[in-house]
Amino acid sequence: MSHDPNCIFCKIIAGQIPSKKVYEDEDLLAFHDIHPWAPVHVLIIPKLHIASMVELTEEHVTLLGRMSVLAPRLMKELGVSNGFRTVINTGPDGGQEVYHLHMHAMGGPRPWLKG
Ligand code: 5GP
Ligand code: ZN
């Protein structure tokens, strides 16, 4: 399934739910987390509906690589200059709440709310 009509992040991609976008291209979208843990907290997601890292296959290698390369670029563009944290939560014990693959990228001066 490339799009799940019940998925909140698919709805954000489709523009059915508003978001504060920071980056968009054909394959990826990045937007500010609605409940930021850090002064700067964005989510980088593939436009393809992939529920979690468990679903990843070899065909997604480039997509994941592009998400990883985008994180430092966005942190820099958003003024983060002293390091940042990237997190991908997977499954119930991994603390995943939204089942559409996403990379958290968090930065800015500490203390942070979480993380
Ligand atoms: P997870 O625990 O699945 O790794 O993280 C999901 C993240 O998505 C949480 O940090 C949560 O604040 C964020 N989130 C959930 N719903 C929305 C939404 O509708 N809009 C935005 N911008 N972020 C959301
Ligand atoms: Zn989705």
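Residues numbered from 1 in each chain as written. Chains lettered and ligands numbered in written order. Predicted model: local features only at pLDDT ≥ 70, side-chain atom pairs only at ≥ 80, totals over all residues. Heavy atoms only, no water.

Student: Give a description of the coordination of the zinc ion (ligand 2) that names residues and reports values.
Tutor: Of the protein atoms, only C7 (SG), C10 (SG), H49 (ND1) and H100 (ND1) coordinate the zinc ion (ligand 2), at distances of 2.0 to 2.3 Å. Angles of 106 to 116° at the metal separate the four donor atoms of the zinc ion (ligand 2), which places the site in the tetrahedral class. (Donors = N, O, S within 2.8 Å, 3.2 Å for Na, K, Ca; no water. Tetrahedral: all angles 85-135°; square planar, octahedral: opposite > 155°, others 65-115°.)

Student: Give a detailed account of the sheet that holds strand β1 (residues 21-24), specifying residues and quantitative values.
Tutor: Pairing in this open sheet of five strands is antiparallel, and the strands run β1-β2-β3-β5-β4 from one edge to the other. Among the strands making up the open sheet, the edge pair consists of β1 and β4 (84-87). Strand-to-strand twist in this sheet, taken as the mean axis angle between neighbours without regard to direction, amounts to 15°. The pairing of strand β2 (residues 28-32) with strand β3 (residues 40-46) spans five bridges and is classified as antiparallel. The residue bridging L28 from the neighbouring strand is P46, located in β3. Set on the sheet, helix α2 (residues 61-77) makes contact with β1, β2, β3, β4 and β5 (103-107); between it and β3 the angle comes to about 155°. (Pairing = 2+ DSSP bridges. Helix = DSSP H or I, 4+ residues; strand = E, 2+ residues; numbered from the N terminus. Axes fitted to C-alpha atoms, helices over the stretch in contact; angles between N-to-C directions. Contact = heavy atoms within 4.5 Å.)

Student: How would you explain the site of ligand 1 if you had to name every residue and give the values?
Tutor: Taken together, 16 residues form the shell around ligand 1, and within it D33, N89, E97, H102 and H104 come nearest. Note that a nitrogen atom of ligand 1 is positioned 3.3 Å from one of the backbone N or O atoms of I34. In this structure, N89 approaches ligand 1 through a side-chain N or O atom, which is 2.8 Å from an oxygen atom. Elements supplying a minimum of two residues to the shell around ligand 1: α1 (8-13) and β2. Sorting elements by how many residues they give to the shell around ligand 1 places α1 first, with three residues. Its residues placed into classes, the shell around ligand 1 shows seven nonpolar, seven polar and two charged. (Near = heavy atom within 4 Å. Polar contact = N/O pair within 3.5 Å; in protein donor to acceptor, adjacent residues only side chain to side chain. Nonpolar A, V, L, I, M, F, W, Y, C, P; charged D, E, K, R; others polar.)

Student: An account of the pattern of salt bridges is needed here, citing residue identities and associated values.
Tutor: All told, the structure shown has five salt bridges when counted by the stated rule. The shortest N-O distance in the salt bridge between E24 and K47 comes to 2.8 Å. Of this pair, E24 sits in strand β1 while K47 sits in the loop between β3 and α2, and the two are 23 residues apart along the sequence. For the salt bridge of R73 with E77, the shortest nitrogen-to-oxygen distance reads 3.0 Å. Of the two residues, R73 and E77 both sit in helix α2, four residues apart, roughly one turn of that helix. Several salt bridges converge on common partners, so that one network encompasses K21, E24 and K47. (Salt bridge = Lys/Arg side-chain N within 4 Å of Asp/Glu carboxyl O.)

Student: Tell me what's going on with the packing of aromatic side chains, and back it up with residues and numbers.
Tutor: Under the counting rule described, the total for this entry stands at one aromatic pair. Relative to F31, the ring of F9 has its centre 5.4 Å away and its plane inclined at 80°; by these criteria the two rings are edge-to-face. Taken together, the positions of F9 in helix α1 and F31 in strand β2 put the pair 22 residues apart, joining distant regions of the chain. Both residues of the pair, F9 and F31, count as buried. Across the ring face of W112, the terminal group of R110 is positioned such that the distance to the ring centre comes to 3.7 Å. (Phe/Tyr/Trp six-rings, centres within 6.5 Å; stacked < 30°, edge-to-face > 60°. Buried < 20%, exposed > 50% of the residue type's maximum accessible area, 1.4 Å probe, protein only. Lys NZ or Arg CZ within 6 Å of the ring centre and 35° of its normal.)

Function cannot be read off these values alone, since they describe shape.
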